[in-house]
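# Report on the structure
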Amino acid sequence: MTRKMAVRAAVASAVIAPATLFVAGGTATAVPALTAGATGEVTVTVPAGESWTCFGFDSAFNFKTGAFGPGMAGKLSGFAKGNATVFCFGGTAPFFFTGSVSVS
C-alpha cells in the first residue's frame, strides 16, 4: 500500500509542478472543481469558458476518463471506496490540474 501511495505522489508531483509555474506566472485561468458524488463517483465541475479532459484512478488503480465542456458538471464513476486522484488537461493555462477526492 505504501508503494502505491508513493507512486501516486510521484505522478501527482510531476503534474503539479508545471501547473504551479503557470500559476506563479499570472497566466492561470479557472480550473475544474472536484467533489465527491454518489457512491463511487467524483463530480468534475468545469468553469464557464473552459474545456477539460480528465482521468482518474483510485487505490485499486481503477481507471476512469471523461471530457467536460464549458460550465458542465460531469461525473467519473466506478471508483472503489477510498481516495481517487484526478488529473485534468485543458487547452489554456494552467493546462494541467490534479486533485484528490475521498470517495464513499
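Please refer to the structure higher up on the page.
Since we're looking at a predicted model, the values are computed, not measured.

### As for the state of the cysteines
This model, assessed by the stated rule, comprises one disulfide. Each disulfide pairs two cysteine sulfurs, and for C54 the partner residue is C88, the sulfurs being separated by 2.2 Å. Between C54 and C88 the sulfur-sulfur dihedral comes to about 105°; the bridge is accordingly right-handed. Remark: C88 occurs in strand β6 (residues 82-90) and C54 occurs in strand β3 (residues 52-58); sequence separation between them is 34 residues. Considered together, C54 and C88 belong to a single accessibility category, that of buried residues.

### Focus on the side chain of E41
Tracing the sequence through the fold places E41 in strand β2 (residues 41-45). Overall, the relative accessible area of 17% leaves E41 in the buried class. Of the polar contacts made by the side chain of E41, one reaches the side chain of S77; its length is 3.3 Å. With near-sequence residues (within four places) excluded, E41 lies in contact with T35, A36, K75, L76, S77 and V103.

### Considerations on the pairing of β6
Bridge analysis of β3 against β6 gives seven bridges, and the strand direction is antiparallel. Paired with T53 across the strands is F89, a residue of β6. Both β6 and strand β7 (residues 96-103) contribute to a ladder of eight bridges, which runs antiparallel. In the strand pairing of β7, V86 is matched with G99. Linkage of β6 to β7, two consecutive antiparallel strands, is achieved through a turn of five residues, within which F95 is found at a positive phi near 70°.

### Here we look at the nonpolar core
The biggest cluster of nonpolar side chains holds 15 residues, and the ones touching the most others in it are L34, V42, V44, C54, L76 and V86. If you list the elements that add at least two residues to this core, you get β2, β3, β6 and β7.

Calculation notes
- Residues numbered from 1 in each chain as written.
- Predicted model: local features only at pLDDT ≥ 70, side-chain atom pairs only at ≥ 80, totals over all residues.
- Heavy atoms only, no water.
- Disulfide = S-S within 2.5 Å.
- Helix = DSSP H or I, 4+ residues; strand = E, 2+ residues; numbered from the N terminus.
- Buried < 20%, exposed > 50% of the residue type's maximum accessible area, 1.4 Å probe, protein only.
- Polar contact = N/O pair within 3.5 Å; in protein donor to acceptor, adjacent residues only side chain to side chain.
- Contact = heavy atoms within 4.5 Å.
- Pairing = 2+ DSSP bridges.
- Core = buried A, V, L, I, M, F, W, Y, C linked by side-chain atoms within 4.5 Å.

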